[in-house]
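Each chain is listed here by its residues.
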Amino acid sequence: MNLDSKIPEGPLSEKWSSHKFNMKLVNPSNRRKYSVIVVGSGLAGGSAAASLAEQGYNVSCFCYQDSPRRAHSIAAQGGINASKNYQNDGDSVYRLFYDTVKGGDYRAREANVYRLSEVSSDIIDQCAANGVPFAREYGGLLANRSFGGAQVSRTFYARGQTGQQLLLGAYSALSKQIGLGKVKMFNRHEMLDLVKVDGHAKGIIVRNMATGELTRHASDAVVLATGGYGNVFFLSTNAQGCNVTAAYRAHKRGAGMANPCYTQIHPTCIPVHGDKQSKLTLMSESLRNDGRIWTPKDAEVAAKIRKGETDPNSVAEDDRDYFLERKYPSFGNLAPRDISSRAAKEACDEGRGVASTGLGVFLDFRDAIKRDGQNTIKERYGNLFDMYQCITGDNPYETPMMIFPAVHYTMGGLWVDYNLESTIPGMFVGGEANFSDHGANRLGASALMQGLSDGYFVLPYTVGNYLGKQGVADAGKVTTEHPAFAEAEANVKARTDKLLSIGGTESPRSFHKRLGHIIWEQCGMARSKEGLEGAIKDLQALRKEFWTNLRVVGDADGINPELERAGRVADFIEFGELMCRDALMREESCGGHFRVEHQTEDGEALRDDENFAFAGVWEYKGDDIEPQLHKESLIYENVELATRSYK
Amino acid sequence: MEKTMDLTLKVWRQKSANSTGTFETYGVKDVSEGSSFLEMLDTLSEDLVEKGKEPVAFDHDCREGICGSCSMTINGIPHGPEKATTACQLHMRHFHDGQTITIEPWRAKPFPVIKDLVVDRSPFDRIIQSGGFITSRAGSAVDANAIPISKATADYAMDAAACIGCGACVAACPNASAMLFTGAKVSHMNSLPQGKAEKDRRTLAMVATMDGEGFGGCTNVGECEAACPKSISLDMIAHLNRDYATAQIKNFFKPVA
Ligand SMILES: Cc1cc2nc3c(=O)[nH]c(=O)nc-3n(C[C@H](O)[C@H](O)[C@H](O)COP(=O)(O)OP(=O)(O)OC[C@H]3O[C@@H](n4cnc5c(N)ncnc54)[C@H](O)[C@@H]3O)c2cc1C
Ligand code: SF4
Ligand code: FES
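This structure is a prediction, so every number in the text was calculated from the model and none was measured. (Residues numbered from 1 in each chain as written. Chains lettered and ligands numbered in written order. Predicted model: local features only at pLDDT ≥ 70, side-chain atom pairs only at ≥ 80, totals over all residues. Heavy atoms only, no water.)

### Some remarks on the overall build of chain A
Consideration 1: Within chain A, the regular secondary structure consists of 18 helices and 19 strands.
Consideration 2: For 647 residues, the compact-globule formula gives about 26 Å, and the C-alpha radius of gyration of chain A, at 24 Å, lands near that figure.
Consideration 3: By its C-alpha atoms, chain A is 75 × 60 × 50 Å across when sized along the principal axes.
Consideration 4: Counting only residues that meet the buried cut, chain A has 66% of its 647 residues in that class.
Consideration 5: Long-range pairs, those at least 24 residues apart, make up 75% of the contacts in chain A with a sequence separation of at least 6.
Consideration 6: Put simply, chain A shows about 21600 Å² of open surface, and 47% of that area lies on carbon and sulfur atoms. (Helix = DSSP H or I, 4+ residues; strand = E, 2+ residues; numbered from the N terminus. Rg over C-alpha atoms; globule rule 2.2 N^0.38 Å. Buried < 20%, exposed > 50% of the residue type's maximum accessible area, 1.4 Å probe, protein only. Contact = heavy atoms within 4.5 Å. Areas by Shrake-Rupley, 256 points an atom, 1.4 Å probe, with all protein chains shown as cover.)

Set out below in structure tokens:
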């Protein structure tokens, strides 16, 4: 497996501009001869499809929802970072770059992160120009807030609906191109396989989810922007349909999968309420600007709160443990996500958790309300408080909110080089689906930035460069008549038939829940050698059971939610095993990956830069054959590796 | 312990676009009041799968009230009885033990049923494709602070832009009018300085597409606003009417390219 990262020569700050200059351009009149497939219509896919079409390429874009506007990016609340330094508080391209590398616990590629930071300002300009109603100050200038552990105010936002507004911006640009006929949009279509011809990505097989029809699509290049795999945990903050299928199918076709064990657990979600629960709801992290996180010092007090015998408001100040303020005095309640989540877990492990399950901690606004008044707090967080009340029935102005960590984002993903090209030539990967920019932990408000950076500003160049290099004589040469398409389609059909014909007794959802339980327990916030080894065995057993005892009702000829879930769960089970292998291999703790064997005396993550400063990239070898590990060494020429401290 | 309830559900079942549908009655037991309406439907699905029957198909994704996927009429009201709440954010504590709940798809001619509760809302996408955008090529934008926008204008645009494109307004309207949806998009874009250049063209094109897709006219019934999970205001329809009239007059004197 070739892991040449293709990082351009030259100083960090000049790499991207010199690379852009050196890339091959495609003559505007030749662009219409090429076609590009974009799978995904989220921030990354939507902006890439729109931009490639604007440049003149013929684009086909796919999403599984009934409209591109519903991609999961829509759910992002908090905001998007950019190094504008509009607040004159010392921000710069270099600082955003530095913060991102450090926040990622020194497991990201410097050159990519620098580019991200460099184009971040263009993103805000682009979004404002296409009508994103960012929050404004009274003077008419853009407002900012500080977010997710940053010490500068560089986060732009649109109320609590930043993702929605950014996505609607990309969707409107995409819609314009659909209207012009430059993008052909395929809603309710799910990609089920990648087609390779002579080693290059040349198309996909998709299932029309409304009619059940399988169709073949050929192109000169393929972009995957299919989002993250958080739903491997069953319960997550992701949308119901988020899946690893497209990425995993590509992995099986030869694309390296990097760092799958890097998953982010977000500290502020609403606790689980029962076994029928289908998803976890994120409460925006901005709440940590004013809310104070605590549990009772005494486990017995916590037990009484759980039983409803003690009112949390009656717990005396001295009996409360504001554990983040105690452990991380300089960052306090704003400590980064991985650190805050683990601290909450520890408190609950000590029996000091609240909520009916014991898996919850308080996020208390009592002091903020006393200090600033209820109206101010309402102005800042009114919609979030309403949402909390709508879901839990509790009024957070009167009784402290309860929160618990939940899976939220996946830093791992398909390996890509500096051009965002995977190990399969001609297959590019953008957004959360790739592994590139966040290392082992993502900072708040940086995923939206990365998705739009990839889609608006990176892929339109690098895909063009690839096409230009292939030469116009080859444009459109591969058609769906090529035998590789027939083979892939037959594959998909056989699998679908198999899923429908097992005739067992257990539903796809039930398997999904069991999978989630294994992953959460053994590959969640704390991982151990023993636990992971056990999980791998359990997952292998679960896979066998799945393929012998699954029951999928209905047929393949139209909308069939059971069949859709079954296909996704099948891939998640295999992928979960890969996650555990990756976590087992990485004998260190870094960012979202915490191995209990590797911690300092006071329980902080212990990195091993000597042996693990690399991206772990897995090559698929066959169904019951162990995957092969490859390593991309991460070389830090600009940032000095240091122990992350938020004390 | 959370309270639980037993319910009777009357659900619209329809095999495909071409078949005729009918209501089927099911019982669900032990629904906890803390679960969401869609989690209650998940329970029904699992029960049906257990019996080897096909579960009810319905659109859903984010389950956070933001993607606009979920779309069902609950006891006669699109998204159900709670004000400003999508079906996925509706919680069972608003129902009671022994209650009968009727669940049907959006009923509107431009949104044909595909299966059970799933309808085809692609006409909304086509309205946007005809003009619901502000043209700005990636790479061509000026600095975001070069054009100041008053807070009031930005807030107004945001109020309008909060629409999630769910279609409840159309389902609630006796005329199946899409004026609230279209008005929201037009108000969002036409009110921003960046959107002014294409304002007339946008307004005329979107209204023409809306009419062409078979949505009815607005007769000021106001059901749309009441059903809207994002509280989009009828003012957006007034805004659309105003901009439409202006654009038409200008169009009369000077055809818009
Ligand atoms: C609740 C929540 C809040 C968040 N808040 C923030 C925030 O405030 N700031 C921030 O920076 N980040 C935030 N994030 C993270 C961020 O939203 C995501 O990482 C980002 O939006 C992902 O964008 P994307 O384009 O990569 O993928 P997505 O938006 O997930 O899009 C994936 C696309 O791929 C399509 N797709 C997937 N699989 C297939 C398939 N097999 N076939 C066909 N199509 C397929 C889907 O239909 C969809 O169009 C949040 C995430 C969550 C869950
Ligand atoms: S206006 Fe309201 S009801 Fe209509 S589509 Fe938008 S959010 Fe839904
Ligand atoms: S499922 Fe997304 S709004 Fe209801």
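### What to know about the overall build of chain B
Consideration 1: Along its length, chain B carries eight helices and seven strands.
Consideration 2: The buried share among the 257 residues of chain B stands at 58%.
Consideration 3: For chain B, restricting intrachain contacts to residue pairs at least 6 apart in sequence, the fraction spanning at least 24 positions comes to 71%.
Consideration 4: Total accessible area on chain B is roughly 10200 Å²; 52% of this is exposed by carbon and sulfur atoms.
Consideration 5: Side-chain charges in chain B split into 26 positive and 31 negative, and the spacing between the mean points of these groups amounts to 7 Å. (Lys, Arg positive; Asp, Glu negative; His and termini not counted. Charge placed at Lys NZ, Arg CZ, Asp CG, Glu CD.)

### Observations concerning the domain arrangement of chain B
All names here are of chain B.
Consideration 1: The domain boundaries assigned to chain B delineate domain 1 (4-104) and domain 2 (121-252).
Consideration 2: Inter-centroid distance (C-alpha atoms) of domain 1 to domain 2 is 31 Å.
Consideration 3: Counting residues at the interface gives 13 residues for domain 1, matched by twelve residues for domain 2.
Consideration 4: Where domain 1 abuts domain 2, roughly 850 Å² becomes buried across the two surfaces, and 55% of that area is made up of carbon and sulfur atoms.
Consideration 5: Among the residues of domain 1 in contact with domain 2, Gly-68, Pro-78 and Ala-84 are the three that bury the most area, contributing 45% of the side total.
Consideration 6: At the boundary of domain 1 and domain 2, one finds one salt bridge. (Domains from an automatic or database assignment. Buried area = accessible area lost by both parts, 1.4 Å probe. Salt bridge = Lys/Arg side-chain N within 4 Å of Asp/Glu carboxyl O.)

### Topic: the site of ligand 1
Consideration 1: Among the 39 residues in the neighbourhood of ligand 1, the closest are listed as Gln65(A), Ser73(A), Met191(A), Glu432(A) and Leu448(A).
Consideration 2: More than one chain lines the surroundings of ligand 1; the residues nearby belong to chains A and B.
Consideration 3: Here a nitrogen atom of ligand 1 sits 2.9 Å away from a polar atom, N or O, in the main chain of Gly79(A).
Consideration 4: Between ligand 1 and Ala225(A), the relevant distance is 3.4 Å, taken from an oxygen atom to a main-chain nitrogen or oxygen of the residue.
Consideration 5: Contact with the protein chains removes 98% of the 1000 Å² of surface that ligand 1 exposes when unbound. (Near = heavy atom within 4 Å. Polar contact = N/O pair within 3.5 Å; in protein donor to acceptor, adjacent residues only side chain to side chain.)

### Thoughts on the packing of aromatic side chains
Consideration 1: Evaluation of the coordinates by the stated rule reveals 30 aromatic pairs over all chains.
Consideration 2: Ring geometry for Tyr456(A) and Phe457(A): centres 6.1 Å apart, planes at 55°, overall tilted. Each member of the pair Tyr456(A) and Phe457(A) is classed as buried.
Consideration 3: Ring-pair connections join several aromatic residues into one group, and the members of that group are Phe365(A), Tyr381(A), Phe385(A) and Tyr397(A).
Consideration 4: In this structure, Arg442(A) is placed above the aromatic ring of Tyr409(A), and the distance from its NZ or CZ to the ring centre is 4.1 Å.
Consideration 5: Seen from the ring of Trp12(B), Arg107(B) lies directly overhead, with NZ or CZ sitting 4.1 Å from the centre. (Phe/Tyr/Trp six-rings, centres within 6.5 Å; stacked < 30°, edge-to-face > 60°. Lys NZ or Arg CZ within 6 Å of the ring centre and 35° of its normal.)

### Structural notes on the sheet that holds strand S13 (residues 320-321) of chain A
Strands belonging to one sheet form pairs held by backbone hydrogen bonds; the direction of such a pair is parallel or antiparallel.
All names here are of chain A.
Consideration 1: Reading across from one edge, S11-S15-S14-S12-S13 is the order of the five strands in this open sheet, with antiparallel pairing throughout. Two strands bound the open sheet, and with one partner strand each, they are strand S11 (263-269) and S13.
Consideration 2: Strand direction decides the pairing type here: strand S12 (residues 292-296) and S13, joined by two bridges, are antiparallel. Bridge pairing in S13 links Thr-295 to Asp-321.
Consideration 3: The strands touched by helix H10 (residues 337-349) are S11, S12, strand S14 (361-364) and strand S15 (401-410); relative to S11, the strand with the most contacts, the crossing angle is about 65°. (Pairing = 2+ DSSP bridges. Axes fitted to C-alpha atoms, helices over the stretch in contact; angles between N-to-C directions.)

### Observations regarding the site of ligand 2
All names here are of chain B.
Consideration 1: Lining the immediate surroundings of ligand 2 are 13 residues, of which Cys-163, Cys-166, Gly-167, Cys-169 and Cys-228 lie closest.
Consideration 2: Contributing elements (two or more residues each) for the shell around ligand 2: helix H4 (168-172) and helix H5 (179-191).
Consideration 3: Tallied by class, the residues present in the shell around ligand 2 amount to eleven nonpolar, two polar and no charged. (Nonpolar A, V, L, I, M, F, W, Y, C, P; charged D, E, K, R; others polar.)

### Digging into the domain arrangement of chain A
All names here are of chain A.
Consideration 1: Entries for chain A in the domain assignment read domain 1 (270-405) and domain 2 (493-633).
Consideration 2: Both sides together, the interface formed by domain 1 and domain 2 hides about 780 Å², and carbon and sulfur atoms give 55% of it.
Consideration 3: When the buried area of domain 1 at its contact with domain 2 is split by residue, Asp-338, Arg-342 and Lys-345 rank highest and sum to 53% of it.
Consideration 4: Taken together, the links from domain 1 to domain 2 amount to zero salt bridges.
Consideration 5: At the boundary of domain 1 with domain 2, the tally comes to two residue pairs in polar contact (both at pLDDT 80 or more).
Consideration 6: Ranked by residue count, the leading element in the side of domain 1 that touches domain 2 is H10, at five residues.
Consideration 7: Of the residues contributing to the side of domain 1 that touches domain 2, the split by class is three nonpolar, one polar and six charged.

### Structural notes on the interface of chain B and chain A
Consideration 1: Listed as interface residues are 73 residues of chain B and, on the opposing side, 73 residues of chain A.
Consideration 2: In this assembly, chain B packs against chain A so that about 5900 Å² is buried in total across both faces, 51% of it on carbon and sulfur atoms.
Consideration 3: Considering only the side of chain B, the residues that lose the most area to chain A are Asp61(B), Glu64(B) and Met158(B), jointly responsible for 11% of the buried surface there.
Consideration 4: Linking chain B with chain A are seven salt bridges, by the criterion used here.
Consideration 5: The salt bridge involving Asp59(B) is made with Arg188(A); its shortest N-O contact spans 2.9 Å.
Consideration 6: One can count 42 residue pairs in polar contact (both at pLDDT 80 or more) joining chain B with chain A.

### What to know about the nonpolar core
Consideration 1: The biggest cluster of nonpolar side chains holds 213 residues, and the ones touching the most others in it are Ile80(A) and Met427(A).
Consideration 2: Here the element with the most residues in this core is helix H17 (residues 561-585) of chain A; it accounts for 13 residues.
Consideration 3: The contact partners of Met427(A), leaving out residues within four places of it in the chain, are Leu194(A), Ala201(A), Val222(A), Leu224(A), Ala250(A), Ala255(A), Leu414(A), Leu420(A), Glu421(A) and Ser422(A).
Consideration 4: Val28(B), Val31(B), Leu41(B) and Ile74(B) belong to the second largest nonpolar core, which has 27 residues in total. (Core = buried A, V, L, I, M, F, W, Y, C linked by side-chain atoms within 4.5 Å.)

### Description of the packing of helix H15 (residues 508-523) of chain A against H17(A)
All names here are of chain A.
Consideration 1: The geometry of H15 relative to H17 is characterised by a closest axis approach of 9 Å and an angle of 20° between their N-to-C directions. When the axis of H15 is compared with that of H17, the two are roughly parallel. For the element pair H15 and H17, the recorded crossing hand is left-handed. Of H17, the residues touching H15 (which contributes Pro-508, Arg-509, Phe-511, His-512, Leu-515, Ile-519 and Cys-523) are Glu-562, Arg-565, Ala-566, Val-569, Phe-572, Ile-573, Gly-576, Met-579, Cys-580 and Ala-583. (Parallel < 35°, antiparallel > 145°, perpendicular 65-115°, else oblique. Left-handed = near helix turned anticlockwise from the far one by under 90°.)

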